[in-house]
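The chain contents come next:
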Amino acid sequence: MSAKRQSNDKNTGKCSKKDKRGESAIINPDIEDTVIQNGMRDAWKKKTSYSHGSIELDCEPFPHCKIRNFIQNESFAQSLQDELLQLNFNNKSNDLYKFQQSDDLKKRKEHHISEIRSLIFVQFRSWLAEVLGVDLEPTVDISCAKYEHTDVLLCHDDELEGRRVAFILYLVPPWDLSNGGTLDLYSTDEHYQPVSIVKSLLPSWNTLMFFEVSPVSFHQVAEVLAEGKCRLSLSGWFHGPSLPRPPRYIEPLIPRHTHIPRDENVLFEWVNETYMDPLYQAQVQQEFEDNSEIRLPNFLQEEKFKQVSEALRLAEVQWERRGPPNKRCYARAELQSIPACLKECWDLLSSEPFFLLLSNLTGLSLHYLAVGDEENESDSQGDESYAEKGKEKRNNQGGQGTSSATSSNKKKDKGPPMCVGELCRWAHGDYTLLHDSVEREFALDLLLHLGCKGWKAEFGGFTSYIAHDEDEELLTVYPEDNSLALVYRDKETLRFVKHINHSSTDQKDAAFYDFSFTYYE
């Protein structure tokens, strides 16, 4: 966090303090210049660029404007920064962001906060409504945010509850590109999905940015890389009539496939013999049915694990970036490019014997030779997934888990067991986000992590399971070498991979890998 700015006034007497408390916020006079106002109005209407004095408007990739020296009196800006830094901040962290935020500032009584609130809510809102030709409501959202080392706000469009214009007033120390924390703007494709960053705006002291909230206003706050610096800002939204939104684009599903024929010897060649013991399988199944998840360490035989790890580290695997960035950002292997031992491991996880092994380890019906559980009440309890267990905890005695009848009905009318998988590489900047277009259904997730020796939780890259529409985290799966994680989830359970931050680059191996498969009964 930056230190509070020191006032140049050496007189610390009562009279000086009183004068400072009575100081008014004065807006940049360029705002009230008729020539600038007319030029802005015309450019905004035509969606063209405009620059005059301290104001710069650009409409690519979407309309946004920068106003330098937004507060004319510098001493007021410094005192405002002091007041904001004394607020209580809440740590905010989920799939989309990590930073610190104050409560809503609408009712704060501090002098400088009250003054800037009045300036933004009344004078600036009136000017903005005139320039945009839009009726902006008196209600304005406003809060204060602190971004420090490794804090980030990933790609999103801001569209929510009638938001029409977003604004950010920066109160930052001297800042350059090496510090990170830029406001990045994305281009979009024919489906109104973000593609890539085409403009990065550097935060600057006493500069206000605003942009139109629309179906294409995708942006992010890049990760703050500087240590010991605080990216402090006031931000919020002006409300008004929303712009028309096109129909939501639905991504095509990744094709699923049934198991591939293989001899059962593939299990004995690849899998740690511990997990081939029927008695041990029964113990694993009981734990899985009790908890709906389990971690199996040293899953691959040591020699096979070394071969796969070496191939990932040394082989010329072709990796493709997966997007769009408002949903995901990581690298996926092109299967036709992977060496033989990686293909064999892929085939193992897709094979008929492995489907049967999973059935024995979990009690799920993933193979016709698996014990029929449809009418077995004890086995059907294994269908109670994390979201359901979370509901039980929240509702206490009022909660209900999945009944055996519900489980039985769920299993009826199913086709053959299927799976879908990826071989992924995870490195600095990678993540996945929760999004509405994901198909929610009962499924068994498998994660086999590789190349993550020494990986620390604070780097990110872990997989979090949460209940739909709730902040409660149900389970976290951390990367661990040669550890197989199995998690059973239902329609109310979602997952994401936490953004991998800059701290991970201190590692000798700054990336790790996983085979990520999902199986459907």
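Before reading on, note that the structure itself is shown above.
All of the points below concern the structure found in this document. (Residues numbered from 1 in each chain as written. Predicted model: local features only at pLDDT ≥ 70, side-chain atom pairs only at ≥ 80, totals over all residues. Heavy atoms only, no water.)

1. Structural notes on the sheet that holds strand β23 (residues 493–497)
Move 1: The 3 strands lie next to each other as β21-β20-β23, forming an open sheet whose pairing is antiparallel. Both edges of this open sheet fall to β21 (473–477) and β23, since each of them pairs with a single strand only. Going across the sheet, the axis of each strand differs from the next one's by a mean of 20°, ignoring polarity.
Move 2: As judged from the 5 bridges shared by strand β20 (residues 463–467) and β23, these two strands associate in the antiparallel manner. Looking at β23, one finds that threonine 463 is bridged to valine 497. (Pairing = 2+ DSSP bridges. Helix = DSSP H or I, 4+ residues; strand = E, 2+ residues; numbered from the N terminus. Axes fitted to C-alpha atoms, helices over the stretch in contact; angles between N-to-C directions.)

2. Notes on the pattern of salt bridges
Move 1: Per the counting criterion, the structure on display carries 23 salt bridges.
Move 2: In this structure, aspartate 42 and lysine 46 form a salt bridge, with 3.4 Å as the shortest nitrogen-oxygen distance. Here aspartate 42 and its partner lysine 46 are both found in helix α2 (residues 34–46), 4 residues apart, which amounts to about one turn of the helix.
Move 3: A salt bridge links glutamate 251 to arginine 328, with the nearest nitrogen and oxygen atoms 2.9 Å apart. Residue glutamate 251 is found in the loop between β13 (231–239) and α5 (265–270), and its partner arginine 328 is found in strand β16 (residues 328–333); the two are separated by 77 residues along the sequence.
Move 4: The class of glutamate 251 is partly exposed, set by a relative accessible area of 21%.
Move 5: According to the relative accessible area criterion, arginine 328 is buried, its value standing at 10%.
Move 6: By sharing partners, the salt bridges in this structure join Glu320, Arg322, Arg332 and Glu422 into a single network. (Salt bridge = Lys/Arg side-chain N within 4 Å of Asp/Glu carboxyl O. Buried < 20%, exposed > 50% of the residue type's maximum accessible area, 1.4 Å probe, protein only.)

3. Here's the deal with the pairing of strand β8 (residues 163–170)
Move 1: With 8 of 8 residues buried, β8 is to be regarded as a mostly interior element.
Move 2: Relative to β13, β8 runs antiparallel, the two sharing 7 bridges. When the bridges of β13 are listed, valine 165 appears paired with phenylalanine 238.
Move 3: As paired elements, β8 and strand β11 (residues 207–212) share 6 bridges and run antiparallel to each other. Among the inter-strand pairings, valine 165 is bridged to a residue of β11, identified as glutamate 212.

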